[in-house]
Amino acid sequence: MYLDGSVAVPSVDGPRDILALLGDRSTLARQPAFRVAEADGAADIAAYRRSRRDVFVHEQGLFARHDLDDRDSDPRTVVLVAKDPEGTVVGGVRLCPVGDGPDIGWWQGGRLVVAPGARGPHGIGAALVRAACARAEAEGVLRFDATVQARAATLFRRLGWQRVRDTTVAGAPHVLMRWPINRIAAQAAATKAALGPLLAGLPAPAGFVGDDGAPVPGTDVIAACDAIVPSMVERDPGWAGWCAVLVNVNDLAAMGASPLGLLDAVGARHAGHAARILAGLSRAAEAYGVPVLGGHTQLGVPAALSVTALGRTRHPVPGGGGRPGHAVRLTADLGGGWRPGYRGRQWDSTTHRHADELRAMTGMLAGAAATARPAAAKDVSMAGIGGTLGMLAEAGGCRAVLDVAAVPRPGTATVGDWFTCFPGFAMLTADEPGAPPPPAGPATGAVCGELTAGEGVGLRWPDGEITEAVTSTVTGMGTA
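In this text, all values refer to a predicted model and were calculated from it rather than measured experimentally.

## Description of the pairing of strand β9 (residues 221-228)
Along any regular strand, the residues point their side chains to alternate faces of the sheet.
Next up, step 1: The pairing of strand β8 (residues 214-215) with β9 spans two bridges and is classified as antiparallel. The residue of β9 that forms the bridge with P215 is I222.
Next up, step 2: Here β8 hands over to β9 after five residues, with G218 in that stretch at a positive phi of 80°.

## Description of the pattern of salt bridges
Next up, step 1: Scanning the model with the defined rule gives 29 salt bridges in all.
Next up, step 2: For R111, the salt bridge goes to D67, with nearest N and O atoms at 3.0 Å. Taken together, the residues R111 in strand β4 (residues 106-114) and D67 in the loop between α3 (42-59) and β2 (78-83) connect sequence positions 44 residues apart.
Next up, step 3: Taken together, the shared-partner salt bridges connect R52, D67, D69, D72, R94 and R111 into one network.

## Brief notes about the side chain of R399
Next up, step 1: With respect to the secondary-structure elements, R399 resides in strand β17 (residues 399-403).
Next up, step 2: Classification of R399 by relative accessible area gives buried; the value is 14%.
Next up, step 3: A polar atom in the side chain of R399 sits 3.4 Å from the backbone oxygen of E455.
Next up, step 4: Once residues lying within four places of it in the same chain are set aside, the contact partners of R399 are A393, E450, L451, T452, A453, G454, E455, G456, V457, G458, I466 and E468.

## Quick look at the sheet that holds strand β3 (residues 89-97)
Next up, step 1: The seven strands are arranged β1-β2-β3-β4-β5-β7-β6 in an open sheet whose pairing can be described as mixed. In this open sheet, the two edge strands, each paired with only one partner strand, are β1 (35-38) and β6 (162-169). Between one strand and the next, the sheet's axes are offset by a mean angle of 25°, whatever the strand orientation.
Next up, step 2: Here β6 pairs with strand β7 (residues 172-179) via seven bridges, running antiparallel. Its bridge partner lying in β7, T168 is registered against P173.
Next up, step 3: Its contacts with the sheet put α3 on β2, β3, β4 and β5 (143-149), and the angle it makes with β4 is roughly 70°.

## Considerations on the packing of aromatic side chains
Next up, step 1: In total, this model carries seven aromatic pairs according to the counting rule given.
Next up, step 2: Members of the aromatic cluster, connected to one another through ring pairs, are F144, F156, W161 and W179.
Next up, step 3: One cation-aromatic arrangement involves R143 over W106; the distance from NZ or CZ to the ring centre is 3.9 Å.

## Topic: the state of the cysteines
Covalent bonding between the sulfur atoms of two cysteines is what defines a disulfide.
Next up, step 1: Following the criterion strictly, the structure yields zero disulfides and no others.
Next up, step 2: With no disulfide of its own, C243 lies 12 Å from the sulfur of C421, the closest cysteine sulfur.

## Points about the sheet that holds strand β12 (residues 304-312)
Next up, step 1: If you walk across this open sheet you meet the five strands as β8-β9-β12-β10-β11, and the pairing is mixed. This sheet does not close on itself; its edge strands, each paired only once, are β8 and β11 (292-299).
Next up, step 2: Note that β9 and β12 share eight bridges and pair antiparallel. Within β12, the position partnered with I228 by the bridge is L305.
Next up, step 3: The strands touched by helix α9 (residues 237-254) within the sheet are β9, β10 (258-268) and β12, with β9 carrying the most contacts at an inclination of about 145°.
Next up, step 4: Along the sheet, helix α10 (residues 271-288) makes contact with β10, β11 and β12, crossing β10 at roughly 170°.

## Description of the packing of α9 against α10
Next up, step 1: At their nearest, the axes of α9 and α10 sit 6 Å apart, and the two run at 40° to each other. In the crossing of α9 with α10, the sense of the turn from one axis to the other is right-handed. Here P237, G238, G241, W242, V245, L246 and V249 of α9 come into contact with α10, specifically with H273, R276, I277, G280, L281, R283, A284, A285, A287 and Y288.
Next up, step 2: When grouped by side-chain class, the residues that make up the contact of α9 with α10 number eleven nonpolar, four polar and two charged.

## Let's talk about the layout of surface pockets
In this approach a probe as big as a water molecule rolls over the atoms, and the regions it shows empty are the leftover space.
Next up, step 1: By volume, the second largest pocket amounts to about 1,000 Å³.
Next up, step 2: Lining the second largest pocket we find 41 residues, and of these F56, L112, V113, Q149 and A152 sit closest to its centre.
Next up, step 3: Going through the elements one at a time, α3, β3, β4, α4 (124-138), β5 and α5 (153-158) are the ones with two or more residues in the lining of the second largest pocket.
Next up, step 4: A total of seven residues in the lining of the second largest pocket trace back to one element, the largest contributor, which is β4.

## Description of the side chain of D44
Next up, step 1: Mapped onto the elements, D44 comes out in helix α3.
Next up, step 2: Owing to a relative accessible area of 7%, D44 belongs among the buried residues under this scheme.
Next up, step 3: A distance of 2.8 Å separates a polar atom in the side chain of D44 from the backbone nitrogen of D40.

## What about the nonpolar core?
Next up, step 1: F144, W161, L330, W418, F419 and L459 are the most contacted members of the largest nonpolar core, which totals 69 residues.
Next up, step 2: The element best represented in this core is α4, accounting for eight residues.
Next up, step 3: What F419 contacts, discounting residues up to four positions off in sequence, is L142, I184, G384, I385, G386, L402, V404, V407 and L459.
Next up, step 4: Counting residues in hydrophobic clusters, the runner-up holds 47 residues, among them A244, L252, A309 and L358.

## Examining a nonpolar patch on the surface
Next up, step 1: Taken together, L198, L199 and L202 make up a surface patch of nonpolar side chains, about 310 Å² in accessible area.
Next up, step 2: For L202, the location among the structural elements is in the loop between α7 (195-199) and β8.

## Some points on α10
Residues lying three or four places apart along an α-helix face the same way, a consequence of the helix completing one turn every 3.6 residues.
Next up, step 1: A rise of 1.5 Å per residue sets the reference length of α10, with its 18 residues, at 26 Å; its end C-alpha atoms lie 25 Å apart and thus fit the reference within 8%.
Next up, step 2: All buried positions along α10 are accounted for by H273, A274, I277, G280, L281, A284, A285, A287 and Y288.
Next up, step 3: Contacts made by the buried residues of α10 are with α8 (230-235), α9, β10, β11, β12 and α11 (355-362).
Next up, step 4: Of the residues trailing α10, G289 is marked for its positive phi of about 70°.

Conventions we followed
Residues numbered from 1 in each chain as written. Predicted model: local features only at pLDDT ≥ 70, side-chain atom pairs only at ≥ 80, totals over all residues. Heavy atoms only, no water. Pairing = 2+ DSSP bridges. Helix = DSSP H or I, 4+ residues; strand = E, 2+ residues; numbered from the N terminus. Salt bridge = Lys/Arg side-chain N within 4 Å of Asp/Glu carboxyl O. Buried < 20%, exposed > 50% of the residue type's maximum accessible area, 1.4 Å probe, protein only. Polar contact = N/O pair within 3.5 Å; in protein donor to acceptor, adjacent residues only side chain to side chain. Contact = heavy atoms within 4.5 Å. Axes fitted to C-alpha atoms, helices over the stretch in contact; angles between N-to-C directions. Phe/Tyr/Trp six-rings, centres within 6.5 Å; stacked < 30°, edge-to-face > 60°. Lys NZ or Arg CZ within 6 Å of the ring centre and 35° of its normal. Disulfide = S-S within 2.5 Å. Left-handed = near helix turned anticlockwise from the far one by under 90°. Nonpolar A, V, L, I, M, F, W, Y, C, P; charged D, E, K, R; others polar. 1 Å grid on protein atoms, 1.4 Å probe; cavity = no way out; pocket = protein on both sides within 12 Å on 5 of 7 lines; lining within 4 Å. Points joined across faces, edges and corners; volume = space filled by probe spheres on them. Core = buried A, V, L, I, M, F, W, Y, C linked by side-chain atoms within 4.5 Å. Patch = residues over 30% accessible without salt bridge, like charges linked within 9 Å, V, L, I, M, F, W, Y side chains within 5 Å. Areas by Shrake-Rupley, 256 points an atom, 1.4 Å probe, with all protein chains shown as cover. Expected span 1.5 Å × (residues − 1).

Below, the structure is given as structure tokens:
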């Protein structure tokens, strides 16, 4: 007899469900009536397409013989199917990049179908839609559209989709709908939104509010300071040491300053851990040609690392110098790859570079200072390209519009990842249209947007649509 009071059934040959063997009837009764997963091979695809033909051709009469199109033969298309407990496909949906060119983070869902016998209270259609949204975001998509039959629009609105406009497909009324993806806004909020309230009481040099570095009054010296996330110092001390130099040299570069030296403050559990931090810092300092002037080291404490950098320029480039009408340029090093353990979050474009290449990139604005300094510049921080552009626009009292397809991007990074990661070396500048680009060595640069009146950041797509990436200011620190 089982613990629930039922009598054991005689043993039978063949596999048995473990819950049935345990007599767990209540859990068995709560098992879902279906499961959603990516189509597993040709048989699942064929069953999904049969369901589409049964519904869209025979039941609804939307198509004459079949509803197949070029998206069904596109190898990038993802098909998700719902299966009942016996493994029978009872519904499905597909999603894929829009257009035949490179994937620019704009996908479309479609051909949502549920078999007639599986419709009803199970919610298979809604589950497929939710799964498609999750898969799109996992693929780094920043715009996800679907053209749905008018009678299905209520379901999509209930699931959080936004109505865009009415349209017609196969002679039947449809609605273009869009799934709101707030990845850029969420990254900006998580990394920068608290700055305004926190720093409101601290004085800042006029014209340089929120800048990457600060001009030292009465001198041509620029000071910058950055700390590394303690968890990163703890688990990857050598990389943390390298990055502590990298981010500070980038801050100086954004101001158009040539580096003079560094000061470090290190906390570590023991001497061995501190040695690994300092080894990474020393390698980077040598590569960038910046001396370590001194610092402070403390042992027996939680991991911590901050570095202060000093540089020099007579003409600092402000982050808030942009104005409506200025063109936005991204200059980024697309070499390298994802740092192991930080895929989708930290792009390592620097550790494989020679010293002269690194110095050429970080000297881009300092070298251009005498001829064609941009009106504004910011290096791309942990807020990512989208969030950092929002900060540049905010400091200038502007709104920014980014042309998604024009943004330089490594081929192995999705648009969603690239727009929200720390990219190693990447600089956003704003200047008059047609202004000469600053020299950047092996980095790649392109005009990919503009500053306009308003606030926030919009993403402009090849069809002219603009979706909102950041709807308001990023830091709340106001204009410079």
